[in-house]
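One letter stands for each residue in the lines below.
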Amino acid sequence: MRNGVPQIRATSRTLAMLEAVIADGGRQSIAALARANGVPVATAHRQVATLVGEGYLALSGDGRHLPGPRLLGLLHRLDEKQVIASVAAPLLDELARDLRCTVQLGTFENEMVTYRIKTGSGADGLFTRVGMQLEAYCSAIGKVLLAHLPGGERSGYLANGPFVPLTPRTIVDPGELAGELAKVRAQGFAIDDGEIDEGLICLAVPVRNPEARVPAAISVSQIEGDPARVPHERLLPALRETADAIERAAFG
């Protein structure tokens, strides 16, 4: 029972069998899966027959079961990045209140960073906005996302310059940028020290999925010289803790 609302146990057991069949990948019989999961064989067969009838499972040619068309259709409609943004929103609101800073979440599409969340103190004064796309090479979020691309994709991005200097601090040399991304990948965070906008300092960390890919990153932005500026020694643990919370909420 959660929040005082009773669960339908039969539904829970059927969903557990669906998960067991998907995890098995069609290797074992329903009887074997039932025994492995402590379910009566007859019950397991009824559960699977129901799931097949509803299209969540399908019978393969060798008598095993695989994901069905209805389940696959749901998966195609699921936007992993939007799921992350949805569960992240309240967590980032809380982080922004605690730090009294601007907090953002971004994803990578078409070699650009898409800003999906922007919240907190000073958010209205920052030039980014939700839905905006910006170059990835010069922002902390962008550097995190680039650093965790598969090697071939990252190399392709670096080969597709030129990289325009937005400030005197912008890294525009592909070799230097490659070194910066390797450093980000090794240390697990990125810093934009006035590279996208003079006087703006951002710190970003990755949000990982269960396959260890990085579909999103979160950042804290501050103004250089602000007397209330929070040191990175405090920001980094807070960002990492929030990223962990987002991963648990999104992926369990």
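Quick caveat, the model's predicted, so the values are computed rather than measured.

## Observations concerning the nonpolar core
And step 1. Core analysis: the biggest nonpolar cluster contains 30 residues, and Leu146 and Tyr157 have the highest contact counts within it.
And step 2. Broken down by secondary-structure element, the contributors of at least two residues to this core are strand E4 (112-120), helix H6 (140-147), helix H7 (151-158), helix H8 (174-187) and strand E7 (200-207).
And step 3. Considering every element that reaches this core, the biggest residue donor is H6, with six residues.
And step 4. Setting aside chain neighbours within four positions, we find Leu146 in contact with Phe108, Ala136, Tyr137, Arg154, Tyr157 and Leu181.
And step 5. Ranked by size, the runner-up nonpolar core spans 26 residues in total, among them Leu95, Val103, Leu203 and Leu239.

## Things to note about the pattern of salt bridges
And step 1. Taken as a whole and assessed by the stated rule, the structure comprises eight salt bridges.
And step 2. With its nearest N and O atoms 3.8 Å apart, the salt bridge here joins Glu80 to Arg213. Of this pair, Glu80 sits in helix H5 (residues 80-99) while Arg213 is found in the loop between E7 and strand E8 (216-223), placing the two residues 133 residues apart along the sequence.
And step 3. A salt bridge links Arg169 to Asp193; the shortest N-O distance between them is 2.8 Å. Highlighted residues: Arg169 in the loop between H7 and H8 and Asp193 in strand E6 (residues 190-193), separated in sequence by 24 residues.
And step 4. Arg169 sits in the partly exposed class, given a relative accessible area of 42%.
And step 5. Asp193 gets classed as partly exposed once you look at its relative accessible area, which sits at 33%.
And step 6. Residues participating in the shared-partner salt-bridge network are Lys81, Glu109 and Arg116.

Rules of the game
Residues numbered from 1 in each chain as written. Predicted model: local features only at pLDDT ≥ 70, side-chain atom pairs only at ≥ 80, totals over all residues. Heavy atoms only, no water. Core = buried A, V, L, I, M, F, W, Y, C linked by side-chain atoms within 4.5 Å. Buried < 20%, exposed > 50% of the residue type's maximum accessible area, 1.4 Å probe, protein only. Helix = DSSP H or I, 4+ residues; strand = E, 2+ residues; numbered from the N terminus. Contact = heavy atoms within 4.5 Å. Salt bridge = Lys/Arg side-chain N within 4 Å of Asp/Glu carboxyl O.

So yeah, pure geometry; function would need other evidence.
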